[in-house]
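Here is what each chain is made of, one letter per residue.
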Amino acid sequence: MTDKPVEVLTEAEARAELARLAQAIAAANTAYHTLDAPEISDAEYDALKRRNAAIEARFPALKRPDSPTDQVGATVAEGFGKVAHRVRMLSLENAFTPEEVAEFDDRVRKFLGHRGALDYTAEPKIDGLSLSLRYEDGVLVQAATRGDGEVGENVTENARTIADIPQRLTGAPVVLEVRGEVYMSHADFAALNERQSATGDRTFANPRNAAAGSLRQLDASITASRPLRFFAYAWGEVSAPLSTTQLGAIARLNELGFQTNPLTVLCDGPEAMLAHYRRIEAQRATLGYDIDGVVYKVNDLALQQRLGFRSSTPRWAIAHKFPAELAWTELLGIDIQVGRTGALSPVARLRPVTVGGVVVSNATLHNEDYIAGRDSRGQPIRGGKDIRVGDWVQVYRAGDVIPKVADVDLARRKSDAQPFVFPDVCPECGSPAHREPGDSVRRCTGGLICPAQAVERLKHFVSRNAFDIEGLGAKQIEMFFNDPILPVRSPADIFTLAERDAANPLQKLRNRDGFGEVSAAKLFAAIEARRRIRLDRLIFALGIRHIGETSSGLLARHFGTWEALVQAIDAARDCSGPDWEALTAIDGIGEVSARALVDALHPDSPERAEVDRLVGMLTVLPVAAAATDSPVAGKTVVFTGTLERMTRAEAKARAEALGAKVAGSVSAKTDLVVAGPGAGSKAKDAERLGIEIIDEDAWLRLIGG
Ligand code: IVH
């Protein structure tokens, strides 16, 4: 892209640049909306859109039929049904300065021929993804993403799993489409990423991507396991007006049971709007969720009606965006950190710089491809520019998320700057670091001989959903790992701590800095208490790649005891034959997890010897195997439509406890469909396939209440 000012572009240059911009914006849209993996920052994206609009304003005749100005978001992803929105889902025009907000107010009053001041609502602009919920006769019948504004994706089953979204409304208009934003809180986002990396699954770049990735799952049970939330702030088709004002309509949605944003206020003009903007901006860091600006809307709905729409934005609203949290600084070095599963993560060491009020001296560089200027498919990012030590780089922060390096200034690159060579050996243990085909991550092959992996695994071992040993957290693990007197190098060492301390007459733990009689005794007691551990927790604690909490639970329920699990792994160790097939046939355990399990616990490996030593010191509590004598044991059940006597999550949990498998869609493998009111295509599919369909009452009778 040239950086020539728009005023001096020739017509030919403008035409060529509009074509390039259309392509770049379309690619960014696809990366963001369809792949949930943005490749450029919001600020860069906004800059592209603004330049495109500026060129079009100067050369209106050159505006392309596929102009990005007329488009909202992305095209529909494959895999979901399509939903044509009865009322289009629009985007918002952006303002970046107080002057632009004042101009907005002027434009509105001029359009209406309104002399006096006008009332506007002001509310946070939630950084999530928009969703339209259709209720008919008070029953949620459909949920759709925005898509391109005209046609979205049908994510009804997924939306039903979100606690903030009521399944039923009392006293609502016969037809009501509620619109709002699905988002994830900072705390939930951090916990989700922690779980994802514990299982070797992909982590998300920010809460918005996590929310989008979680909502757009083909398997609704995955969405159900993700902590999504929803704020209602608008509506689509309604059979009767909600109110005469924006504020009244939001209050009505709140009465109907929706979460509405508590920072929504009424303002009597630009001054009050800007004051509220500053108030919200000041609270931004402590809200607990990401927002990227403030939205102002004309309060009087009759006036909104008169103002109407432009091609893709309403005339009666504007988004006042926060300035991007960006800064340029020098890249002093690139360090490689090694994680629990051996992943080598490059970290930028920066000359400290303030970004959005926070001093930043480290930022993530993702992986070696990112440094080299390529995405995971080998396509150029940042125009193919690589990142070198000594470069001036642009750093950005989105909410609470780890800062990132977004761009590099080639004009300031020193002539002797060398491309960064990503190590192919682990910097911590010297073992080879390999990249599997299709994986953008390079991993250390050192296993437990790698101290970095060993420490991270120990931290995972004691973490909350694993052994959860009080007084033994990440900090203490770091301390004990390098301790000359009471070293803890493996999980088994934790359970010999007290014994080793007792045997050492001179340097007792209780006499050390940071410990005393009471705290040392407490720590030993907490460790002692965890010698009895449930099988599923033990499996999870081992931190085997691809074996997260869900898989650990499945394995525990399937095998019941540690001995049975180990026996099955030993029998399947060659990854072929009937025992291997039996292992991979366990519901929810695919080839990838089974292979990881066999690799990690192979009977001949030193790691297995370590695990055996550990288990020898524990009492592993068996987990009750799934019932096999219930009438639905082994059956595949699909729930569809509205359940009236229990939530879907509850229905699923009960069915699974009775040994049934709950699937999200009907196929030839389905044994039974439980259909409530509003059941749609799934019930039809079942009919077509000749599968038994029963209602909720019959289901309850079948499972005995
Ligand atoms: S009103 C017709 N209010 O921002 C106007 N949008 O950039 C409909 N958004 O597509 C939108 N918070 O996804 C509105 N308080 C809020 C919002 C909000 C976030 C999103 C929404 C919209 C996008 C436009």
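All chains considered together, the criterion is met by 13 aromatic pairs. Ring centres of tyrosine 183 and phenylalanine 231 lie 5.0 Å apart, and the angle between their planes is 5 degrees; this geometry places the pair in the stacked category. Placement of tyrosine 183 in strand β7 (residues 175-183) and of phenylalanine 231 in strand β8 (residues 229-238) is noted, with a sequence separation of 48 residues between them. Taking the relative accessible area as the measure of exposure, phenylalanine 231 reaches 6% and is therefore buried. Ring geometry for phenylalanine 420 versus phenylalanine 422: centroids 6.3 Å apart, planes at 85 degrees, classification edge-to-face. Clustering of aromatic rings is evident, with ring pairs tying together Tyr135, Phe230 and Phe258. Over the face of the ring belonging to tyrosine 370 we find arginine 382, whose NZ or CZ atom lies 4.7 Å from the ring centre.

The next point concerns the site of the ligand. Residues in contact with the ligand amount to 14 residues; listed here are only the nearest, Glu123, Ile126, Arg146, Glu181 and Tyr233. Note that a nitrogen atom of the ligand is positioned 2.6 Å from one of the side-chain N or O atoms of glutamate 123. Considering the ligand on its own, with 520 Å² of exposed area, one finds that the protein chains cover 89% of that surface. Counting residues per element, the ones that place at least two in the shell around the ligand are β3 (120-126) and β10 (291-298). The element that contributes the greatest number of residues to the shell around the ligand is β3, accounting for 4 residues. Class assignment of the residues belonging to the shell around the ligand gives a composition of 8 nonpolar, 1 polar and 5 charged.

A few words now on the pattern of salt bridges. Applying the stated criterion across every chain yields a total of 49 salt bridges. Put simply, arginine 349 and aspartate 335 hold a salt bridge, and the shortest N to O gap is 2.5 Å. With arginine 349 in strand β13 (residues 344-355) and aspartate 335 in strand β12 (residues 326-338), this residue pair connects regions lying 14 residues apart in the sequence. Here arginine 349 falls in the partly exposed class, since its relative accessible area comes to 24%. What makes aspartate 335 partly exposed here is its relative accessible area of 32%. With its nearest N and O atoms 3.8 Å apart, the salt bridge here joins glutamate 610 to arginine 613. Residue glutamate 610 and its partner arginine 613 are both found in helix α22 (residues 606-616); the two are separated by 3 residues, about one turn of the helix. Classification of arginine 613 by relative accessible area gives partly exposed; the value is 36%.

Reading the values: rules and limits
- Residues numbered from 1 in each chain as written.
- Predicted model: local features only at pLDDT ≥ 70, side-chain atom pairs only at ≥ 80, totals over all residues.
- Heavy atoms only, no water.
- Phe/Tyr/Trp six-rings, centres within 6.5 Å; stacked < 30°, edge-to-face > 60°.
- Helix = DSSP H or I, 4+ residues; strand = E, 2+ residues; numbered from the N terminus.
- Buried < 20%, exposed > 50% of the residue type's maximum accessible area, 1.4 Å probe, protein only.
- Lys NZ or Arg CZ within 6 Å of the ring centre and 35° of its normal.
- Near = heavy atom within 4 Å.
- Polar contact = N/O pair within 3.5 Å; in protein donor to acceptor, adjacent residues only side chain to side chain.
- Areas by Shrake-Rupley, 256 points an atom, 1.4 Å probe, with all protein chains shown as cover.
- Nonpolar A, V, L, I, M, F, W, Y, C, P; charged D, E, K, R; others polar.
- Salt bridge = Lys/Arg side-chain N within 4 Å of Asp/Glu carboxyl O.

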